[in-house]
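Inside the fold
Each chain, letter by letter, is given below.
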Amino acid sequence: MFQYIYIIQGLQATLTLDNILALIFGTIVGIIVGILPGMGPMVGMVILLPFSYYLAPSAALSLLLGIYCGGYFGGAIPAVLVRTPGVPSSMMTALDGYPLTQKGEGQLALSAAIVGSFSGGIISTIILVTLAPIMAKVAASFSSPDYFMVAIFGLVVMVMANKERLAQAIVLTCLGLWFSTVGVDNQTLALRFNFGTVILQNGLDIAPMCLGFFGIGQSLLLLERKIIETDIISLSLSKSNLDFHKIWVVFQYKITLLKSGVIGTAVGILPGAGSILASFLSYQEARRSSRHPEMFGKGNVEGCIASEAGNNAVPAGAMLPLLTLGIPGDPIVAIMISIFIINGVYPGPLLLIKEPALINTIYFSLFLINIVAFTLLIFFLKPFAMVVKIPNTYLSLGIMVLCLLGLYSLNLRIFDMGVALFMGIIGYIMFRLEWPFVTWVLGMVLGPIIENRMRESLSLSEGDPLIFLQSPISLSLFIATCLVIIIPIIMDRRKSYG
């Protein structure tokens, strides 16, 4: 009986004017930053993060989730029209979307991408709603060593996902862990790495770090580069809305839509795996099971469907470990932790029990976000595509001003703005060097979890580290962590000798 009451409360909260406006605005911003190559949902989220602190938790989460999901919807548009993915995970979409556009089938390619994104988002949300209560019950039996190993597993997966630049990923992860220790130790009240300053006693906040890395750093890069030639976009779209007949044709590929949505959700659940892997695996599975695999890469509509369904299933999948374990499955989702914490809500297995109305609001908002993004792109596709004609100079300066104003409005501290500017320069350098600086962010987010759970575990065992291998869950996670490290090394050696 109570469950139905919470569902109704969640639906009512979703349909409030504040939540609807935040959701629609976030989705529009997400689509726009997704369409702009080099931007992506992360940039949109960090720009609006300071402003979201003034909203109710449900509206703030709807705003950020709208940006997150909308970014993947928008990323396919330049991939199809000009072979330049708006987000990295849409590079697989470009393989078949652009050839279709060259053949005069741009409407079909765009329909495939948008329907794929919509289906992937809806399927993953259904899986989230189904699995979250089950995972929460399992997670409720987790001990401190289990949580420690979950966090370590997520950190190792993220590092190994960047094994092409393994040394840099390890260094940046360690820097993130170090930065998470700055300030007063909440256990011993000792000052750590404050360098004799009062301002650092409160530690380094995640907001200025992310705003600097992704907002200012990306803006500096945009100032330097002319990423895309946009003159041909107006010639590729003859009308503002999509052809409904083409949309109906795409919906006929039910099996591809379903499989890709499930694959994308599964990848999203894995900490650090990311939307690029989801898009790639979905694309490869569609090609493997196709009757005409030789047509992939030459203008196959199934390629666009699979790629976009896979990458847009990641957001809901990545929310699953956050809501049930308190562990972010994705660097973008890590930003949302601050929304929970600032409102006194802590993600984890008890969240579904303590905040059932908020959880149901998140579920309904995810459904609604996908419907809103799908509808907007059906009827207003051409105006959205024209966004790429905004000069990079104006765009970059506007983003930096918004970042700094939003950040200052939080605590009225010039210091936070200084941190953001400094990290923006670091972020720009890392963009240029192509270092995987998302590992730095994840290190900062997971650092307190690792430290606190390790202390609790060693306190229980009186300093015996074997406590991390005593429970079946922590032992399984330890073995999985070792396999994540060992298997790629073995595969790389086989390739080098083979």
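What follows deals with the side chain of Ser 279. In this fold, Ser 279 is placed in helix H13 (residues 274–289). On the basis of relative accessible area, Ser 279 is assigned to the buried category, the value being 0%. For Ser 279, the side chain forms a polar contact with the side chain of Ser 307, separated by 2.7 Å. The contact partners of Ser 279, leaving out residues within four places of it in the chain, are Ser 89, Met 92, Ser 307, Gly 310 and Asn 311.

Of all residues in the protein chain, 94% attain a pLDDT of 70 or more, and the chain-wide mean is 83. For the protein chain, helix H10 (residues 233–236) is the element with the lowest average pLDDT, namely 47, and helix H2 (residues 17–35) is the one with the highest, namely 92. Across residues 228–232, where pLDDT falls below 50, the model places 10 contacts with residues more than four positions away in sequence or in other chains.

What follows covers a nonpolar patch on the surface. There is a patch of nonpolar side chains on the surface, built from Leu 466, Leu 469, Leu 475, Phe 478, Ile 479, Leu 483, Ile 487 and Met 491 and spanning about 670 Å² of accessible area. Along the chain, the position of Phe 478 falls in helix H23 (residues 472–497). Here Phe 478 falls in the partly exposed class, since its relative accessible area comes to 35%.

When their charged atoms lie close together, side chains carrying opposite charge are able to pair. In total, this model carries 8 salt bridges according to the counting rule given. One salt bridge connects Asp 185 with Arg 455, and the closest N-O pair in it is separated by 2.5 Å. Here Arg 455 lies in helix H22 (residues 438–460) and Asp 185 lies in the loop between strand S1 (183–184) and strand S2 (191–192), a separation of 270 residues in the sequence. The class for Asp 185 is buried, based on a relative accessible area of 3%.

The next thing to look at is the packing of aromatic side chains. All told, the structure shown has 10 aromatic pairs when counted by the stated rule. Ring geometry for Trp 178 versus Phe 193: centroids 5.7 Å apart, planes at 90 degrees, classification edge-to-face. Here Phe 193 lies in the loop between S2 and helix H9 (206–224) and Trp 178 lies in helix H8 (residues 166–179), a separation of 15 residues in the sequence. Three or more aromatic residues link up through ring pairs in this structure, and these residues are Trp 178, Phe 179, Phe 193, Phe 213 and Trp 440. Above the plane of the ring of Tyr 147 lies Arg 453, whose end atom (NZ or CZ) is 4.3 Å from the centre.

This next bit is on the environment of Ser 90. With respect to the secondary-structure elements, Ser 90 resides in the loop between helix H4 (57–82) and helix H5 (91–102). Separated by 357 residues in sequence, Ser 90 and Gly 447 place their C-alpha atoms 31 Å apart. Look past the residues within four positions of Ser 90 in its chain and what remains in contact with it is Gly 75, Ala 76, Ala 79, Pro 85, Glu 308 and Asn 311.

Okay, helix H20 (residues 392–411) next. For H20, built from 20 residues, the straight-helix expectation of 28 Å at 1.5 Å per residue is met to within 8% by its first-to-last C-alpha distance of 30 Å. When we look at burial in H20, the residues that qualify are Leu 395, Ser 396, Ile 399, Met 400, Cys 403, Leu 404, Gly 406, Leu 407 and Leu 410. Projection of H20 onto a plane perpendicular to its axis shows the buried side chains occupying an angular sector of 165 degrees, all on one side. Set apart from the buried face of H20 by more than 90 degrees, the exposed residues are Tyr 394 and Leu 405. Next to the buried residues of H20 lie helix H3 (41–52), H9 and helix H21 (414–433).

This part covers the environment of Pro 436. Looking at where Pro 436 falls in the secondary structure, it is placed in the loop between H21 and H22. Distance from Pro 436 to Phe 422, taken between C-alpha atoms, is 18 Å for residues 14 residues apart in sequence. Those residues in contact with Pro 436 that sit more than four places away from it in its chain are Asn 162, Arg 165, Gln 168, Ala 169 and Leu 172.

Criteria and cut-off values
- Residues numbered from 1 in each chain as written.
- Predicted model: local features only at pLDDT ≥ 70, side-chain atom pairs only at ≥ 80, totals over all residues.
- Heavy atoms only, no water.
- Helix = DSSP H or I, 4+ residues; strand = E, 2+ residues; numbered from the N terminus.
- Buried < 20%, exposed > 50% of the residue type's maximum accessible area, 1.4 Å probe, protein only.
- Polar contact = N/O pair within 3.5 Å; in protein donor to acceptor, adjacent residues only side chain to side chain.
- Contact = heavy atoms within 4.5 Å.
- pLDDT = per-residue confidence, 0-100.
- Patch = residues over 30% accessible without salt bridge, like charges linked within 9 Å, V, L, I, M, F, W, Y side chains within 5 Å.
- Areas by Shrake-Rupley, 256 points an atom, 1.4 Å probe, with all protein chains shown as cover.
- Salt bridge = Lys/Arg side-chain N within 4 Å of Asp/Glu carboxyl O.
- Phe/Tyr/Trp six-rings, centres within 6.5 Å; stacked < 30°, edge-to-face > 60°.
- Lys NZ or Arg CZ within 6 Å of the ring centre and 35° of its normal.
- Expected span 1.5 Å × (residues − 1).
- Arc of directions from axis to C-beta.

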